[in-house]
Amino acid sequence: MVCSSDGAPLFDLSAKKSAVFCYGFLVNVSANERTKLENAIVRGIVCGPQKPKRWFPFQLLLNEDLALMYVRGARMPDASRGMEEFTMYCLDLFETGDLPGIAATFSTVESAGAFHACDKCHATGHKDQALNRTVFPAAGSFPPRTSAEYWRATQTVTESGRESEHAFATDTSAFEVLNSVYSGGFDVVDRRGTDLMHHVSGVVGKRTAHLAAGSRNTNKLPPATITKPALLKVNPKPTTAKQILTAKRKT
Amino acid sequence: MESDDADFFFDPELEYSGDDSELPGVVAAHEAVATRFVPWVVKRQHSSPYPCTAVLLSTVGTTLDLNQPFIAGIFHEPATGAHVTVGRFLDATTRWQSRNKISDTALGQMFALLQWTVPEAAVPTVRQVTYLVDQVMGGGVEVHDACPAEDCVLFRDSEFEGGQQYVTLQRCPECSASRYKGASGASPLPVPAGRLFMHLPLRFTLRNIMTSEELAAQMPIDLTVLLPLCTVLRYHSRSLSHTGTPTEKVARREAQRRVERRRLGRQACPAGAADGRYGVLVRRSPTV
């Protein structure tokens, strides 16, 4: 499953965001079907005129649900096999969303003006008094952040509640349950993607699903048209196996 | 010598507590740092893959047919997108109701007026609509209310042993805001003051998907897809998430050796080196 979070107005397009949606795509479903609107799985709707002040409890509930589907699974019938019962398990492959969605899901920063602007590397900025904004050194590369750092930060609780003065601008505590339940853990650095055009196409979710499960199209093929009638001719004297075996090699 | 397998697992015990806490320099730091562990173990009563009684919508008969034409007798062919069906009428009515903040009672009165005006129209009653919504949503949605002040917690019980067990609380455990509004004339029961979260558990939504034959035919696991995927994910997460990049891996190993060296430096060096801090470098196996 590829999970995604987004905000949308309910009932009235001119209104502000009135609800936050979390939905997922099943990657087992074929490529042309999985991202259709009717096949997206709505996992939760946060009602209200404003978005919630803290997203953590909502995300924790969604992640516990995912963890349960991995650990315990659920019994369900299969319509394609005469309603035969089986146990389905589910794995969270990827977390996508638009910028506010990912920022809410992982409690990352929404803007690039923070001390830790990037949630994937250790680029740290400082406040330039002349420009009155946070600037970053133009270095070639910064050391990347790893998932272990995130989990270490969730396990460490200091008196101030943060690891340092400029703590990592993130809180992945809600994903701790996935990390401890999944075999091999859940890599919060590599298993999330931000998609600026999320409303339009959902590029990251689509492509990740296609990479993970293949992009096989299962639309019915059009009826075959015979373009070479010569191919339909039947050879009156088919070559037998004996002929092939006893054929002399041309020199 | 330690095997490299020890590096494959991130061990917070190794990092934050242990023998190096005896060193005077790090004692103060360890006092400020508390380590918390949540045992993510499924509760015993929830460990069955049957989480609830199965509700199959196909066996539940509703008297309300959403594809029925709203005004019967005008056309006899099956309804298309151009026709007003009961479902489309309800869709438009619900939007109009939410936009203008109209109560269910007033909506029912409007339905009755419409039925009085157009007797041949198949106007549903509000009771029918409520029953339909209950049938569609029944067993599929769990509604939880959040802390009204700051959305600190959801008042719910986790199905894990170490999870949050807040369903019986009357106040938020973090900010102690009151969970309920008082009883009023409209509702004798206390009303949740915070925002509502409609959670659709995956077990229900996936079950609904598996009742569709076209989708269910695609859902059985393709092992040629899943096995490489699991291998890649497993290798990927083992190699990156628990040990970090190779640079960080080396740094972590060095830090670990530094800690071990400091710890051994306090002991008497068996090889009799002058400086105990380098004891680990000249240490020999006791059998030699």
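Residues numbered from 1 in each chain as written. Chains lettered and ligands numbered in written order. Predicted model: local features only at pLDDT ≥ 70, side-chain atom pairs only at ≥ 80, totals over all residues.

**A look at the overall build of chain B**
- When you go through chain B residue by residue, the secondary structure sums to ten helices and five strands.
- Per-residue burial over chain B gives 15% buried out of 288 residues.
- Contacts in chain B between residues at least 24 apart in sequence constitute 44% of all its contacts with a sequence separation of at least 6. (Helix = DSSP H or I, 4+ residues; strand = E, 2+ residues; numbered from the N terminus. Buried ≥ 20, exposed ≤ 12 C-beta atoms within 10 Å, placed from the backbone. Contact = placed C-beta atoms within 7 Å.)

**Examining the nonpolar core**
- In this structure, Met1(A), Val2(A), Phe58(A), Leu66(A), Leu178(A) and Leu154(B) are the most contacted members of the largest nonpolar core, which totals 55 residues.
- Sorting elements by how many residues they give to this core places helix H2 (residues 56-71) of chain A first, with eight residues.
- Those residues in contact with Leu154(B) that lie beyond four places of it in its chain are Pro57(A), Phe58(A), Leu61(A), His144(B), Ala146(B) and Phe197(B). (Core = buried A, V, L, I, M, F, W, Y, C linked by C-beta atoms within 7 Å.)

**Quick look at the confidence of the model for chain B**
All names here are of chain B.
- For chain B, the average pLDDT comes to 68, and 51% of its residues sit at 70 or higher.
- Predicted confidence for residues 6-18 stays below pLDDT 50, and this span has 20 contacts to residues more than four positions away or in other chains.
- Scored below 50 in pLDDT, residues 23-34 makes twelve contacts in the model with residues more than four places away or belonging to other chains.
- Model confidence for the complex is summarised by a pTM of 0.63, with the ipTM given as 0.73. (pLDDT = per-residue confidence, 0-100.)

**Regarding H2(A)**
Residue and element names in this part refer to chain A.
- Here H2 contains 16 residues, and its C-alpha end-to-end distance of 22 Å stays within 8% of the 22 Å for a straight helix at 1.5 Å per residue.
- With respect to burial, H2 is a largely interior element, 13 of its 16 residues being buried.
- Two residues or fewer past H2, Gly73 is found with a positive phi of approximately 70°. (Expected span 1.5 Å × (residues − 1).)

**Observations regarding the pairing of strand S5 (residues 84-88) of chain A**
- Note that strand S4 (residues 74-78) of chain A and S5(A) share five bridges and pair antiparallel. Across the sheet, residue Met76(A) finds its bridge partner in S5(A), namely Phe86(A). (Pairing = 2+ DSSP bridges.)

**Considerations on helix H3 (residues 86-100) of chain B**
- With 15 residues, H3(B) extends 21 Å from end C-alpha to end C-alpha; this agrees with the ideal 21 Å at 1.5 Å per step.
- Phi for Lys101(B), located one or two positions after H3(B), is positive at around 55°.

**Notes on the environment of Phe25(A)**
Residue and element names in this part refer to chain A.
- As for its placement among the helices and strands, Phe25 is situated in strand S2 (residues 19-25).
- Judged by the 26 C-beta atoms lying within 10 Å of it, Phe25 falls in the buried class.
- The spatial distance from the C-alpha of Phe25 to the C-alpha of Lys36 is 9.0 Å, given a sequence separation of eleven residues.

**Considering the confidence of the model for chain A**
- For chain A, per-residue confidence averages 75 on the pLDDT scale, and residues scoring 70 or more make up 72% of the total.
- Long-range and interchain partners of residues 160-166 of chain A, a stretch whose pLDDT sits below 50, account for seven contacts in this model, where long-range means more than four residues apart.

**Re unusual backbone geometry**
- Here the phi dihedral of Asn132(A) falls at roughly 60°; this positive angle occurs in a residue that is not glycine.
- Along the chain, Asn132(A) falls in the loop between strand S7 (126-128) and strand S8 (133-135).
- The exposed category is assigned to Asn132(A), around which 7 C-beta atoms lie within 10 Å.
- Notably, Asp151(B) is not glycine yet its phi reads approximately 55°, a positive angle.
- Within the secondary structure, Asp151(B) sits in the loop between strand S2 (142-145) and strand S3 (180-181).
- For Asp151(B), a count of 23 C-beta atoms within 10 Å gives the class buried.

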